[in-house]
Amino acid sequence: MSDGQVADRIGTADATGPDVARTSLAGRDAAGPGLAGPGVKADEVVVLDFGSQYSQLIARRVRELNVYSELLPFDTPWSEIAARKPKGVILSGGPASVYEDGSPHPDPAIWASGVPLLGICYGLHLMAQGLGGEVISFERKEFGPAVVSVTDQDRLFAGLEPEQPVWMSHGDSIARLPDGFRSTAHTGSTPFAAVADPDRRLYGIQFHPEVVHTQNGRQILRNFVLDIAGARPMWTPANFIASNVESIRRRVDEHSRATGSDGQVLCALSGGVDSAVAATLVHRAVGDRLICVHVDHGMMRKNETELLQTAFEQLGVRFIVVNARDRFLAKLAGVIDPEQKRRIIGNEFIRVFEEEAAKLGEIAFLTQGTLYPDVIESATSDMEKSASKIKTHHNVGGLPDDIAFQLIEPLRYLFKDEVRAVGTELGLPDSMVYRQPFPGPGLAIRIIGEVTAERLDTLREADWIVIDEIKAAGMYREVWQSFAILTPLRSVGVMGDGRTYSNVVAIRAVTSEDAMTADWAKLPYELLGRISSRIVNEVPGVNRVVYDISSKPPATIEWE
């Protein structure tokens, strides 16, 4: 195994500072990636994904440098990559060994492309083998922290000290370098911890610069992206908004002229920051032609629909509330499988929108707040070759095949912190921009087992208490998500000197940067005590509260 699973499990992104969070942006025009402003092609660095579950961390790191980066399947033809005119290409890690039959390899044309390349771990082994070197299973494997000794101050290590703390995760190593390469760093176990062929701008490193445990990993990537590849930092919130407003307006206007329609656009407004930012962005592009539709499926948080309607009416956006509670509950009756719940909800959302569209006239477009992690975790067609499906997101894999709308998804290639930066630039209030994420299927996937009106009421009240107490403690912005889960368990308890046999509620609170990895939040015991006491005393039918201390991975943030 070349690039072990350990690095994937440890590869948590470190906290992005406030300056980076407000300026690091990435996005994709409807006709293709790479617009940094109206009519301006942004520089791009492509990341080829060879199966590491967290290859997207590399793309995130590049985006933090204000350079657009996108994850592509490992076997993307070079002609398609070249058409993007990338300034550089990064080859990710992966769990395979390059010498194994069936192991993933890139289009061989990449080696003679003349584009600067950086191979990371498995990507380094691919480069070595592809250019005539040799890779073997090494006796002295390295997993975990290590210190790399830089022996050649080449451009990749510019500005860094000779001894560098890094994170290693490999069982394979280079036995022989290709012609033209030289070793630039080593460890006690690995003579080729970093290699370079500066004349061809080919670089490789055995360690993982994308993870927080590599102390200067960000600087190493900066040296490659900005210096060696020469990419210009052009991705900012203002440029992202300008390019997407123009492309959305152009797309809708062209369809309107071609069909003679009035160019109305629906927006699926859930109440979370993603759909709110998407709606505001599209509203800037098409104005009053945008109609926001909020489907109240009965699985929202307490007072969610009322608060959302007030907020968007104040923004001057056309807003319609559809009460579909009974309809969704009927569809979910008897369903306990979480994937089936997601598919049912995704399908029913579209059917409701189609019916609303029929009432409003000819509407061809539907706006969604789909994000890049949704796409990656659902492993849709553009990612399925290199990433295993973790769960189906209702707005990605849960959509019906015969959808009647053209989708407008301006945030499809953004991470959550990038969405928040766009929302701030658009002028949305912090109370909306920094709301904790809420899943599209709502409380349905926080109820383990069948979804009923009674169980929804129980969970809604418990969830309200969790948020209320965390806000009162001043910790709402410190945690990524905090919520309650209604388990299928009942337990014996004592209330008023009598025996009870009631529901068990679990509390989940995590810290994260983008939801791709997460750690359980170390909430103060006093806070947990208040939450537990209030739930047991204020929510009928609950006599026990437990706290989830699982990180992601191996768990996910949501229970379903």
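Residues numbered from 1 in each chain as written. Predicted model: local features only at pLDDT ≥ 70, side-chain atom pairs only at ≥ 80, totals over all residues. Heavy atoms only, no water.

Asks: Sorry if this is basic, but what is going on with helix α15 (residues 453-472) here?
Replies: Helical geometry note: an α-helix holds 3.6 residues per turn, so side chains three or four residues apart project in the same direction. Taking 1.5 Å per residue as the helical rise, α15 with its 20 residues ought to reach 28 Å, and the 29 Å between its terminal C-alpha atoms agrees with that figure. Within α15 the residues assigned to the buried category are R455, L456, T458, L459, R460, A462, D463, I465, V466, I467, E469 and I470. In this structure, the buried side of α15 is in contact with α10 (325-332), β19 (481-495), β20 (498-512), α16 (525-538) and β22 (542-547). Phi turns positive, to about 70°, at G474, one or two residues after α15. (Helix = DSSP H or I, 4+ residues; strand = E, 2+ residues; numbered from the N terminus. Expected span 1.5 Å × (residues − 1). Buried < 20%, exposed > 50% of the residue type's maximum accessible area, 1.4 Å probe, protein only. Contact = heavy atoms within 4.5 Å.)

Asks: Honestly, the side chain of H208 in this entry has me stumped. Any pointers?
Replies: Within the fold, H208 resides in the loop between β13 (202-205) and α6 (217-228). Judged by its relative accessible area of 2%, H208 falls in the buried class. Among the polar contacts listed, one links the side chain of H208 to the side chain of E210, at a separation of 3.0 Å. (Polar contact = N/O pair within 3.5 Å; in protein donor to acceptor, adjacent residues only side chain to side chain.)

Asks: Got a minute to help me understand the sheet that holds strand β14 (residues 264-268) in this structure?
Replies: In a beta sheet, neighbouring strands pair by backbone hydrogen bonds and run either parallel or antiparallel. Here we have 5 strands laid out as an open sheet, ordered β16-β15-β14-β17-β18, and parallel in their pairing. Lying at the two open borders of the sheet, with one neighbouring strand each, are β16 (318-323) and β18 (406-408). Pairs of neighbouring strands in the sheet enclose a mean axial angle of 30°, with direction left out of account. In this sheet, β18 lies alongside strand β17 (residues 363-367) in parallel orientation, the contact comprising 3 bridges. If you follow L366 over to β18, its bridge partner there is L407. (Pairing = 2+ DSSP bridges. Axes fitted to C-alpha atoms, helices over the stretch in contact; angles between N-to-C directions.)

Asks: When you look at the packing of α10 against helix α11 (residues 338-360) in this model, what are you seeing that I'm missing?
Replies: For any two helices packed against each other, one specifies the inter-axial angle together with the distance between the axes. α11 packs onto α10 with a crossing angle of 145° between their chain directions and a minimal axis gap of 10 Å. Pair α10 / α11 crosses with right-handed handedness. Along its contact with α10, which presents R327, F328, K331 and L332, the element α11 presents K341, I344, I345, E348, F349, R351, V352 and E355. Of the residues belonging to the contact of α10 with α11, the class tally is 6 nonpolar, no polar and 6 charged. (Left-handed = near helix turned anticlockwise from the far one by under 90°. Nonpolar A, V, L, I, M, F, W, Y, C, P; charged D, E, K, R; others polar.)

Asks: Please explain the packing of aromatic side chains as it appears in this structure.
Replies: For any pair of aromatic rings, geometry is given as the distance between the ring centres together with the angle between the planes. Within this structure, the stated rule accounts for 6 aromatic pairs. Between F328 and F349, the aromatic rings sit 5.7 Å apart at their centres with planes inclined by 65°, giving edge-to-face as the arrangement. Remark: F349 occurs in helix α11 and F328 occurs in helix α10; sequence separation between them is 21 residues. F349 shares its class with F328; the two are buried. Put simply, the rings of F50, F74 and Y122 touch in pairs and so form one group of aromatic residues. The ring of W480 has R420 sitting right over it, with the charged end atom 5.3 Å from the ring centre. Over the face of the ring belonging to W520 we find K522, whose NZ or CZ atom lies 4.3 Å from the ring centre. (Phe/Tyr/Trp six-rings, centres within 6.5 Å; stacked < 30°, edge-to-face > 60°. Lys NZ or Arg CZ within 6 Å of the ring centre and 35° of its normal.)

Asks: Teacher, can you tell me more about the confidence of the model for the chain here?
Replies: Predicted coordinates in regions of low pLDDT should not be interpreted in detail. When pLDDT is averaged across the chain, the result is 84; 86% of the residues are at 70 or more. The low-confidence segment residues 1-33 (pLDDT under 50) makes 118 contacts with residues lying over four places distant or belonging to another chain. Contacts of residues 379-398 to residues separated by more than four positions or lying in other chains number 65 contacts, the stretch itself having pLDDT below 50. (pLDDT = per-residue confidence, 0-100.)

Asks: How do you make sense of the environment of I120 when you look at a structure like this?
Replies: Turning to its location among the elements, I120 is positioned in strand β8 (residues 117-120). What makes I120 buried here is its relative accessible area of 0%. Sequence-wise, I120 and I58 are 62 residues apart; in three dimensions their C-alpha atoms are separated by 9.8 Å. The residues touching I120, leaving out its near neighbours within four places in the chain, are I58, I90, L91, S92, G93, I205, F207, H208, P209 and E210.

Asks: So what exactly am I meant to see when it comes to the pairing of β19 here?
Replies: Looking along a regular strand, one sees the side chains alternate between the two faces of the sheet. Here β19 runs beside β20; their pairing, made up of 12 bridges, is antiparallel. Bridged to A484 within β20 is I507.

Asks: Quick question: what am I supposed to make of the pairing of β13 here?
Replies: Where burial is concerned, the two faces of β13 agree: the one with L202 and G204 and the one with Y203 and I205 are both buried. With 4 bridges connecting them, β8 and β13 associate as parallel partners. The partner of L118 across the bridge, within β13, is Y203. Here strand β12 (residues 194-197) pairs with β13 via 4 bridges, running antiparallel. Paired with A194 across the strands is I205, a residue of β13. Adjacent in sequence and paired antiparallel, β12 and β13 are bridged by 4 residues, among which R201 carries a positive phi angle near 55°.

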